[in-house]
Amino acid sequence: MSAREFAKDQPDSFAFSAENEETIKAIIAKYPDGKQASAVIPLLDLAQRQNDNWIPVKAMEAIAERLDMAKIRVMEVATFYTMFNLAPVGKYFLQACTTTPCWLRGSDQVMKCVHDKLGLHGHYETTDDGMFTLLEVECLGACVNAPILQVNDDFYEDLDYEKTAELLDALKRGEAPPVGSLAGRNKSESSAGATTLAQMRPAAGED
Ligand code: FES
């Protein structure tokens, strides 16, 4: 993966909302005195959610001050994890996994479909209408339902070219398709149905 860069256009200031200030107090209270730096990841997450899914430098500085950390330490964390965006992204932030299990299960077709339908290749490119940003990522930890496309916080699984196209069309219409397997399988169960402990499964309607 190539380098991630801070947005060139940065806001002059950042302040957490009053609601998030309360949340921050609760988060910091979970850690022993002197260990507040452990709250850096949840605070970065809060900042990102408050700021249209990306984290300005001013927010990192505010977090450093709040947690009594060097600014560079906060930046090190924010730049390490691809879950944190350092520049604006589209309304739908697509993270396409192309690591080996997803690749073996057809992630090339997912990427091809996103390119065909949206013209995106994979490194923080955004459509002209600001609707979609694509990032090619490493394993999303859901290999059993590969290939995976993460859309903002949600995982869409068991994709192929056609299912990816249907998903993107639904998102364009402003719809939010049910998350999980788009091949109709039950969570991460075998695609052939349950094969073990079948006698212990609840009868239909009981689970
Ligand atoms: S390899 Fe794609 S989720 Fe693990």
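How each quantity is defined
- Going along each chain's sequence as written, the residues are numbered from 1 onward.
- Restriction of local features to residues with pLDDT of at least 70 applies here, the model being predicted, together with a cutoff of 80 or more for giving and counting side-chain atom pairs; totals for whole chains, interfaces and linings are based on all residues.
- Computation of side-chain values: all heavy atoms of the structure, hydrogens and water removed.
- When a carboxyl oxygen of Asp or Glu is within 4 Å of a side-chain nitrogen of Lys or Arg, the pair counts as a salt bridge.
- Segments assigned H or I by DSSP are reported as helices when at least four residues long, segments assigned E as strands when at least two residues long, and all are numbered from the N terminus.
- Each nonpolar core is a collection of buried residues, namely Ala, Val, Leu, Ile, Met, Phe, Trp, Tyr and Cys, held together in the definition by side-chain atoms within 4.5 Å.
- Per-residue accessibility, obtained with a 1.4 Å probe over protein chains only, is compared with the maximum for each type, and a residue is labelled buried under 20%, exposed over 50%, and partly exposed between these values.
- A pair of strands is treated as paired once DSSP finds two or more bridges between them.
- Expected helix span is taken as 1.5 Å per residue step, with the number of steps being one fewer than the number of residues.
- Taking the helix axis as origin, the arc is that swept by the directions to the C-beta atoms.
- Only heavy atoms enter the contact rule, under which two residues are in contact if any of them lie within 4.5 Å.
- Domain start and stop positions are those given by an automatic or database domain assignment.
- The convention used is that axes are lines fitted to C-alpha atoms, helices contributing only their stretch in contact, and that angles between N-to-C directions extend from 0 to 180 degrees.
- Orientation categories follow fixed angle ranges, with anything under 35 degrees roughly parallel, anything over 145 roughly antiparallel, 65 to 115 roughly perpendicular, and all other angles oblique.
- Here is the rule for handedness: rotate from the far helix to the near one, and if that takes an anticlockwise turn smaller than a right angle the crossing is left-handed, while a clockwise turn gives right-handed.
- For crossovers, right-handed means that the path from the first strand over the helix to the second runs clockwise, given strands pointing away from the viewer.

## Quick notes on the pattern of salt bridges
Turning to step 1, where the next piece is worked out: Under the defined criterion, the tally for this structure stands at twelve salt bridges.
Turning to step 2, where the next piece is worked out: The salt bridge involving D45 is made with R49; its shortest N-O contact spans 3.0 Å. Linking D45 with R49, this pair stays in helix 2 (residues 40–50), spanning four residues, or about one helical turn.
Turning to step 3, where the next piece is worked out: Put simply, D45, R49 and D153 are held in one network by salt bridges that share partners.

## Details of the nonpolar core
Turning to step 1, where the next piece is worked out: By size, the foremost hydrophobic cluster in this structure holds 25 residues, and its most contacted members are V40, L44, M60, I63, L67 and V74.
Turning to step 2, where the next piece is worked out: Listing elements by their share of this core, those giving two or more residues are helix 1 (18–28), helix 2, helix 3 (57–66) and helix 4 (71–80).
Turning to step 3, where the next piece is worked out: Within the second largest apolar cluster, 20 residues are counted, among which are L120, L134, Y156 and L159.

## Digging into the sheet that holds strand 3 (residues 132–137)
Turning to step 1, where the next piece is worked out: One open sheet holds the six strands; their spatial order is 2-3-1-4-5-6, and the pairing between them is mixed. Edge positions in the open sheet fall to strand 2 (123–126) and strand 6 (180–181), since each of these has one partner strand only.
Turning to step 2, where the next piece is worked out: As paired strands, strand 2 and strand 3 are joined by three bridges and run antiparallel to one another. Looking at strand 3, one finds that T126 is bridged to T133.

## As for helix 6 (residues 107–118)
Because an α-helix completes one turn every 3.6 residues, residues spaced three or four positions apart along the sequence face the same direction.
Turning to step 1, where the next piece is worked out: If you check helix 6, its first and last C-alpha atoms are 16 Å apart, about what twelve residues at 1.5 Å a residue would give, namely 16 Å.
Turning to step 2, where the next piece is worked out: Residues of helix 6 that are buried include every one of S107, V110, M111, C113, V114 and L118, and no others. Buried residues of helix 6, seen end-on, are gathered within an arc of 160° and therefore sit on one face of the element.
Turning to step 3, where the next piece is worked out: In this structure, the buried residues of helix 6 make contact with strand 1 (92–97), helix 5 (100–104), strand 3 and helix 7 (161–172).
Turning to step 4, where the next piece is worked out: Just downstream of helix 6 lies G119, where phi reads positive at about 75°.

## What to know about the domain arrangement of the chain
Turning to step 1, where the next piece is worked out: The domains assigned to the chain are domain 1 (18–80) and domain 2 (92–181).
Turning to step 2, where the next piece is worked out: For domain 1 and domain 2, the distance between their C-alpha centres works out to 29 Å.

## Comments concerning the packing of helix 1 against helix 2
Axes are the key here: two packed helices are described by the angle between their axes and the distance separating the axes.
Turning to step 1, where the next piece is worked out: Interhelical geometry of helix 1 versus helix 2 gives an angle of 165° and a closest axis separation of 11 Å. When the axis of helix 1 is compared with that of helix 2, the two are roughly antiparallel. Here the hand of the crossing between helix 1 and helix 2 comes out right-handed. Of the residues in helix 2, those touching helix 1 at N20, T23, I24 and I27 are P42, L43, L46 and Q50.

## Brief notes about the pairing of strand 5 (residues 154–157)
Turning to step 1, where the next piece is worked out: Sheet topology places strand 4 (residues 149–151) next to strand 5; three bridges connect them, and they run antiparallel. Opposite L149, over in strand 5, you have Y156 as the bridge partner.
Turning to step 2, where the next piece is worked out: Where strand 4 hands over to strand 5, the hairpin turn is made up of two residues, of which N152 adopts a positive phi near 50°.
Turning to step 3, where the next piece is worked out: Bridging between strand 5 and strand 6 involves two bridges; their strand directions are parallel. Directly across from E157, in strand 6, lies its bridge partner S181.
Turning to step 4, where the next piece is worked out: The handedness of the strand 5 to strand 6 crossover, carried by helix 7, is left-handed.

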